[in-house]
Amino acid sequence: MHCSDRKSLAALENDLVERFKNGEDGSFAGLAELYKDRIHQFVICVLGPDRETEDIAQEAFIQIYRSLNSFRGGSSFSTWAYAVTRNVCRRHLRDRGREAGFPGEEEEDGAPYEVPESGHSPEPALESEETRALVRAEIEALSPIHRSVIFLSCWERKSYEEMAQILDIPVGTVRSRLHNALAALSRRLKTVLAEEKLP
Amino acid sequence: MTCLTDEELTAHLLEETTPERKQEAQEHFHACSACRSRLSALRFAASAAAAVPPAPVSGDFTAKLMARIRGELTDAPVGKSVGLFTRLTAGELVFAACALTLFAAVFLHSGRGQVPSAFKTLYLTDGPATPVRLAALPSPDRLKPGVKPGEMYYSDSCRTAKCGL
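None of these values were measured; they are calculated from a predicted model. Throughout this document, residue positions are counted from 1 along each chain, in the order its sequence is written. Just so you know, chain letters begin at A and ligand numbers begin at 1, following the order they were written in. It should be noted that, the model being predicted, local features are given only for residues of pLDDT at least 70 and side-chain atom pairs only at 80 or more, the latter also being counted only at that level, while totals for whole chains, interfaces and linings use all residues.

### Some points on the overall build of chain A
Only DSSP runs of H or I reaching four residues or more are called helices, and only runs of E reaching two or more are called strands; each is numbered from the N terminus. Secondary structure assignment for chain A yields eight helices and zero strands. What you see in chain A, going N to C, is helices and strands ordered as α-α-α-α-α-α-α-α. Burial is judged by counting other C-beta atoms within 10 Å of a residue's own C-beta: 20 or more means buried, 12 or fewer means exposed, and anything between counts as partly exposed, with every C-beta placed from the backbone. Here chain A, with 199 residues, has 42% of them falling under the buried criterion.

In structure tokens:
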């Protein structure tokens, strides 16, 4: 997503939030349209691909709907919405009896990951659907901790501070986790792209 | 400048560093091929991840969501007040009301609450407490002065207690 797109998106979502707070309930459908894929993707990052992810994303939106009037604008709407979604995912993990590996938990993700020496061209060709599917599969193979920080940083362009707020972890933890996540993805991609011999 | 740590490298990539540190790192990359290579590998991973858009949800996601919201939250003034009662369903509220009524009834009849006609007199009978004895009214000559039969409580007999009392 380009920077100008993000600015116009932020203006649009602020407008929709204001309209909702002024009693225009229908504006929530606009927010849902803007965020449905992204909230759903975040749920997938946290819980893994699952048949229930759309239902859980809907639960997250219902929680956002219920709490939106308490949103004071201290952070961006998306940061707040992802934090709400994190809580919904955490509740689901608790219900399933497995919270280990939740991106907000304090557990460390092991020893620092070593970055492989680059064998790629500086501007990799990622336009083809085939390559994207391959990258998507490699991201899905990462741990929930790594998937979440990669999504928030690389796709959402969230700052360290915002990621810490969303995942409810210290900024220092975000730093190390993000490095380890990128190093792990880099290593996987290096292997798989070498095998596939993609452009 | 020495080689960048892992976290410094990532911070440089994501521009989470000060302009001074950024400048120092740039100068270091010119001189250090190892750090340049590490940065390049991280940059590749980041750009690959950024090129993959979120997985799309089904086409009727928003319509289903709004229908759920209308269905679940019509009765509750959503957003105006989010309290306990807005979170409970009608069935849960009925159950809570019944439980409260039952509790109140048990409380009052257990003697902790106010009972209009409290037991005032303990009447001890001779011999063991049989159903016949407990059901039978005592003879008037055994009533204490001023005690009315309706105010009496029939209890098990206790010769020792009777004597003691």
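Additional details are given in the paragraphs that follow.
### Re the interface of chain B and chain A
Whether two residues are in contact is decided by their C-beta atoms, placed from the backbone, lying within 7 Å. Contacts between the two partners involve 37 residues from chain B, matched on the other side by 47 residues from chain A. Contributions of two or more residues to the side of chain B that touches chain A are made by helix H1 (6-13), helix H3 (33-50) and helix H4 (61-73) of chain B. Counting residues per element, the side of chain B that touches chain A draws most heavily on H3 of chain B, which supplies twelve residues. Note on residue categories: nonpolar means Ala, Val, Leu, Ile, Met, Phe, Trp, Tyr, Cys or Pro, charged means Asp, Glu, Lys or Arg, and polar means any other residue, Gly included. Tallied by class, residues from the side of chain B that touches chain A come to 22 nonpolar, seven polar and eight charged.

### A few points about the packing of helix H6 (residues 144-155) of chain A against helix H7 (residues 160-167) of chain A
Residues and elements named next belong to chain A. The convention used is that axes are lines fitted to C-alpha atoms, helices contributing only their stretch in contact, and that angles between N-to-C directions extend from 0 to 180 degrees. Contact geometry of H6 with H7 gives a least axis separation of 10 Å together with a crossing angle of 135°. With respect to each other, H6 and H7 are oriented oblique. Here the hand of the crossing between H6 and H7 comes out right-handed. Judged by residue contacts, Ser148, Val149, Leu152 and Ser153 of H6 engage Met163, Ile166 and Leu167 from H7. Taken together, the residues of the contact of H6 with H7 sort by class into five nonpolar, two polar and no charged. The scheme is simple: roughly parallel for angles under 35 degrees, roughly antiparallel for over 145, roughly perpendicular for 65 to 115, oblique for anything else. With the far helix as reference, a near helix turned anticlockwise by less than a right angle produces a left-handed crossing, and one turned clockwise produces a right-handed crossing.

### With respect to the environment of cysteine 3 of chain B
Residues and elements named next belong to chain B. If you trace the backbone, cysteine 3 turns up in the segment before H1. On the basis of neighbour counts, which here come to 11 C-beta atoms within 10 Å, the residue cysteine 3 falls in the exposed class. In this structure the C-alpha to C-alpha distance between cysteine 3 and cysteine 32, which are 29 residues apart in sequence, comes to 7.7 Å. Those residues in contact with cysteine 3, other than ones at most four positions away along the chain, are Cys32, Ala34 and Cys35.

### Structural notes on unusual backbone geometry
The phi angle at aspartate 168 of chain A is positive, at roughly 60°, despite the residue not being glycine. Residue placement: aspartate 168 of chain A occurs in the loop between H7 and helix H8 (171-196). Exposure remark for aspartate 168 of chain A: the 15 C-beta atoms within 10 Å place this residue in the partly exposed category. We note that glutamate 15 of chain B has phi near 55°; this positive angle belongs to a residue other than glycine.

### Describing the nonpolar core
Nonpolar side chains in soluble globular proteins generally cluster together in the buried interior. Joined through C-beta atoms within 7 Å, a set of buried Ala, Val, Leu, Ile, Met, Phe, Trp, Tyr and Cys residues constitutes a nonpolar core. If you look at the biggest cluster of nonpolar residues, it comprises 72 residues, and the most contacted ones within it are Val43 of chain A together with Ala45 and Ala49 of chain B. Broken down by element, this core gets its largest block of residues, eleven residues, from helix H2 (residues 27-47) of chain A.

### As for the confidence of the model for chain B
Residues and elements named next belong to chain B. The pLDDT value tells you how sure the predictor is about a given residue, anywhere from 0 up to 100. Taken over all residues, the pLDDT of chain B has a mean of 74, while the share at 70 or more is 56%. Low pLDDT, under 50, characterises residues 78-82; the stretch is placed with ten contacts to residues that sit more than four places away or in other chains. Confidence drops under a pLDDT of 50 for residues 156-165, and excluding neighbours within four residues, the segment shows ten contacts in the predicted structure. Predicted complex metrics record ipTM = 0.80 and pTM = 0.68.

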